[in-house]
Amino acid sequence: MKAVIAAGGKGTRISSVASDIPKPMIDVCGKPVLERQIECLASQGITDLIITVGHLASVITDYFGDGSRLGVNIEYYIESQPLGSAGALYKIKDRLDGDFLLLNADALFDIDFERFISYHRQKGGLVTLFTHPNSHPYDSGLVVTDKNGCVIKWLTKEDDRSSYYENRVNAGVHIISPEILSDNPSCEKVDLDRQLLKPLSGSGKMFAYDSPEYIKDMGTPDRYFAVCRDFAQGRVQARNLKNKQKAIFLDRDGTINKYVGFLTDINDFVLEDGASEAIRRINDSGYLAIVVTNQPVIARGEVSEEELALIHAKMQTLLGRDGAYLDGIYYCPHHPHKGFAGERTEYKIDCDCRKPKAGMLFKAAEDFNIDLSSSWMVGDGENDVLCGRNGGCRTAIIGTNPLADIEGSDICDCINKILN
């Protein structure tokens, strides 16, 4: 698969760091960020590259040449005038003989592209977006999907959004079919998000690939220095899903949000004091933050899966306002006991995912290549402790339980003890 790298921007917001070189040439621990990208691609057999350049183009072309020094083949397209984030694609579409990767040259990443490409081919869409949660969803463009990962809505930063939303942000890495370039645009400058991708929402032809892998742009000095710090500490490479991950699994009711019994009304969802702080600490630690929760209210017929999704959107929104995010949410909708009015019989089964069984942990481990023996389960009840033990994790409980490895007064106390 070819990769197209958009490297034509000026980088005006980061000019205080480097004003005399193109943004893709900004140094990250001894090498330009664009070189870091090319090394990641080449290490996975992606060696046929087209780089679109504009501002100070010769600095890039002189440094990389034909790419042979890095084991790749590089072609260039030079924008004599700015063409927007997608205009250059129309100029090179005769060089695109199949689906291609499209990357922004101002982001540092380390991604298992084999997984990403496999997902794209499995879904069979025209576009697959690499999506992830971030610490500032309130001022980011958001992607809304159905349960199969199909994009049903694209919310740019200026669009109105509902009170609560999933923390799913387009990371700026895409797999695209040249088919979307078949109609020539009416103007030279083309905005990728607003003119090409957003109109595909709801068409059934665009999918989102959720991943916790490391992708961060360097659009501001603060983000640049954070990226350099992460790279130096090994956090960028460690998040590639080719490598084993470690997670802190979190119960929901009584751990993240205040316990109210069977939570059926979204208005009753209130974060526990310190929950956002605790999850921010997980986000900063190198562990994945993953919720695993029994939700028998689905089987009991008291909450629909759509209503549960909205409750979880509220959880993500409230956490996101505090700069915290979850890498995954898993729930068990089953309940083995029958006899409730309005119950859903298809969920009245003895399943493998209802805690204290560890099915949700095993599913997350499969999805994110997690080493459960290096992971933790945190909750407020014995079933959480037993679930963690059944999954091979260490355990922490809010309260007391002799089976737990750690006891804490609340979620913050538990996370502090785990990380310290």
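Located above this text is the structure these notes cover.
These numbers come from a predicted model, not from an experiment. (Residues numbered from 1 in each chain as written. Predicted model: local features only at pLDDT ≥ 70, side-chain atom pairs only at ≥ 80, totals over all residues. Heavy atoms only, no water.)

1. Focus: the overall build of the protein
Keep this limit in mind: Working definition: helices are DSSP H or I runs of at least four residues, strands are E runs of at least two. Numbering for both runs from the N terminus. C-alpha atoms define the radius of gyration, and 2.2 Å times the number of residues to the power 0.38 defines the globule rule. Here the term buried applies to any residue with accessible area under 20% of the maximum for its type, exposed to any over 50%, and partly exposed to those in between, with areas from a 1.4 Å probe on protein chains only. Throughout, a contact is declared for two residues whenever any of their heavy atoms are within 4.5 Å. Method for areas: the Shrake-Rupley scheme with a 1.4 Å probe, in which residue coverage is limited to the protein chains shown. Only four residue types enter the charge count: Lys and Arg as positive, Asp and Glu as negative, with His and the chain ends excluded. Note that the charge is assigned to NZ on lysines, CZ on arginines, CG on aspartates and CD on glutamates.
The helix and strand tally for the protein stands at 12 helices and 19 strands. What you see for the protein is a C-alpha radius of gyration of 23 Å, in line with the 22 Å of a compact globule of 420 residues. For the protein, the spread of C-alpha atoms along the three principal axes comes to 70 × 45 × 35 Å. For the protein, with 420 residues in total, the buried portion stands at 54%. Contacts spanning at least 24 positions in sequence make up 71% of the contacts within the protein whose residues lie at least 6 apart. On the protein, roughly 17,900 Å² of surface is accessible, and the fraction owed to carbon and sulfur atoms is 46%. Distance between charge centroids for the protein: 0 Å, based on 47 positive and 60 negative side chains.

2. Re the environment of Asp284
Relative to the helices and strands, Asp284 is located in the loop between helix H8 (275-283) and strand S15 (288-294). When the C-alpha positions of Asp284 and Leu310 are compared, they lie 26 Å apart, and in sequence the two are 26 residues distant.

3. Some remarks on helix H4 (residues 113-123)
Convention followed: The arc refers to the directions leading from the helix axis to the C-beta atoms. Whenever two N or O atoms come within 3.5 Å, that pair is a polar contact, provided that in protein one can donate a hydrogen and the other can accept it, and provided that, for residues adjacent in sequence, both atoms are side-chain atoms.
Of the positions making up H4, those classed as buried are Phe113, Phe116, Ile117, Tyr119 and His120. Across the axial projection of H4, the buried residues extend over an arc of 155°, all falling on one side. Exposed side of H4, more than 90 degrees from the buried face: Glu114, Arg121 and Gln122 are the residues found there. Close packing links the buried residues of H4 with helix H1 (33-42), strand S6 (100-104), strand S7 (107-110), strand S8 (127-132), strand S11 (169-176) and strand S12 (206-210). The backbone nitrogen of Glu114 has a side-chain oxygen 3.2 Å away, supplied by the residue at the start of H4, namely Asp112. Gly124 sits one or two residues past H4 and shows a positive phi near 75°.

4. Some thoughts on the pairing of strand S4 (residues 48-53)
To keep things clear, this is the line we draw: Here a strand pair is declared whenever DSSP counts at least two bridges between the two strands. Handedness of a crossover: with both strands directed away from the viewer, a clockwise path from the first strand across the helix to the second marks it as right-handed.
Burial runs high along S4: 5 of the 6 residues are buried. Across 5 bridges, strand S1 (residues 2-7) lies against S4 in parallel orientation. Considered in S4, the bridge of Ala3 is made with Leu49. As defined by bridge partners, S4 adjoins strand S5 (residues 73-78) across 6 bridges and the pair is classed as parallel. Along S5, the bridge assignment pairs Val53 with Ile78. Regarding topology, helix H2 (residues 57-64) serves as the crossover connection from S4 to the parallel S5, and that connection is right-handed.

5. Things to note about the sheet that holds strand S18 (residues 394-398)
Using the following cut-off: Angles shown run from 0 to 180 degrees and are taken between the N-to-C directions of axes, each axis being a line fitted to C-alpha atoms and, for helices, limited to the stretch in contact.
With respect to topology, 6 strands assemble into an open sheet ordered S16-S15-S14-S17-S18-S19, the strand pairing being parallel. A strand with exactly one partner marks an edge of an open sheet, and here the two such strands are strand S16 (328-332) and strand S19 (406-408). The sheet shows a mean angle of 20° between the axes of neighbouring strands, taken without regard to direction. Pairing of strand S14 (residues 247-250) with S15 involves 4 bridges; the strand directions are parallel. Its bridge partner lying in S15, Leu250 is registered against Val291. Contacts between helix H9 (residues 305-321) and the sheet are confined to S15 and S16, with S16 contributing the most and set at about 145° to the helix.

6. Let's talk about H1
Burial within H1 is extensive, with 8 of its 10 residues counted as buried. Along H1, the positions that sit buried rather than exposed are Val33, Leu34, Glu35, Arg36, Gln37, Ile38, Cys40 and Leu41.

7. Some details on the environment of Ala309
Note on placement: Ala309 falls in helix H9. Placed 143 residues apart in sequence, Ala309 and Glu166 show a C-alpha to C-alpha distance of 8.7 Å.

8. Some remarks on the packing of H1 against H2
Two packed helices can be described by the angle between their axes and the distance between those axes. Note the threshold: Angle categories are assigned with fixed cut-offs, so that under 35 degrees is roughly parallel, over 145 is roughly antiparallel, 65 to 115 is roughly perpendicular, and the rest are oblique. A clockwise turn of the near helix away from the far one marks a right-handed crossing, whereas an anticlockwise turn of less than a right angle marks a left-handed crossing. In this classification, Asp, Glu, Lys and Arg are treated as charged, Ala, Val, Leu, Ile, Met, Phe, Trp, Tyr, Cys and Pro as nonpolar, and every other residue, Gly included, as polar.
Relative to each other, H1 and H2 sit at 45°, their axes nearing to 12 Å. Taken together, the axis directions place H1 and H2 in an arrangement best described as oblique. For the crossing formed where H1 meets H2, the hand is right-handed. Taking contact as the criterion, the partners of Leu34, Glu35 and Ile38 in H1 are, on H2, Ile60, Tyr63 and Phe64. For the contact of H1 with H2, the residue count by class is 5 nonpolar, no polar and 1 charged.

9. Considerations on the pattern of salt bridges
How we decide: Whenever Lys or Arg places a side-chain nitrogen within 4 Å of a carboxyl oxygen from Asp or Glu, that contact is recorded as a salt bridge.
Following the criterion strictly, the structure yields 26 salt bridges and no others. As a salt-bridge pair, Asp210 and Arg168 come within 3.0 Å of each other at their nearest N and O atoms. Note that Asp210 is positioned in strand S12 and Arg168 in the loop between strand S10 (151-155) and S11, a separation of 42 residues in sequence. Here Asp210 falls in the partly exposed class, since its relative accessible area comes to 41%. Since its relative accessible area comes to 9%, Arg168 is described here as buried.

10. Description of the packing of aromatic side chains
To keep it simple, the criterion reads: Centres within 6.5 Å are what make two rings of Phe, Tyr or Trp a pair, Trp counting through its six-membered ring; a difference in plane orientation under 30 degrees is then read as stacked, over 60 as edge-to-face, and the rest as tilted. Lysine and arginine charges are scored as sitting over a ring when NZ or CZ, respectively, is within 6 Å of the ring centre and within 35 degrees of the ring normal.
Under the definition given, this model contains 7 aromatic pairs. Between the aromatic rings of Phe130 and Tyr209, the centroid separation amounts to 5.4 Å while the plane-to-plane angle is 65°, which identifies the pairing as edge-to-face. Here Phe130 is found in strand S8, whereas its partner Tyr209 is found in strand S12, with 79 residues between them in sequence. By the burial criterion, Phe130 is buried, and Tyr209 matches it. Through a chain of ring-to-ring contacts, three or more aromatic side chains come together here, namely Phe116, Tyr119, Phe130 and Tyr209. A cation sits over an aromatic face here: Arg161 above Tyr165, 5.1 Å from the ring centre.

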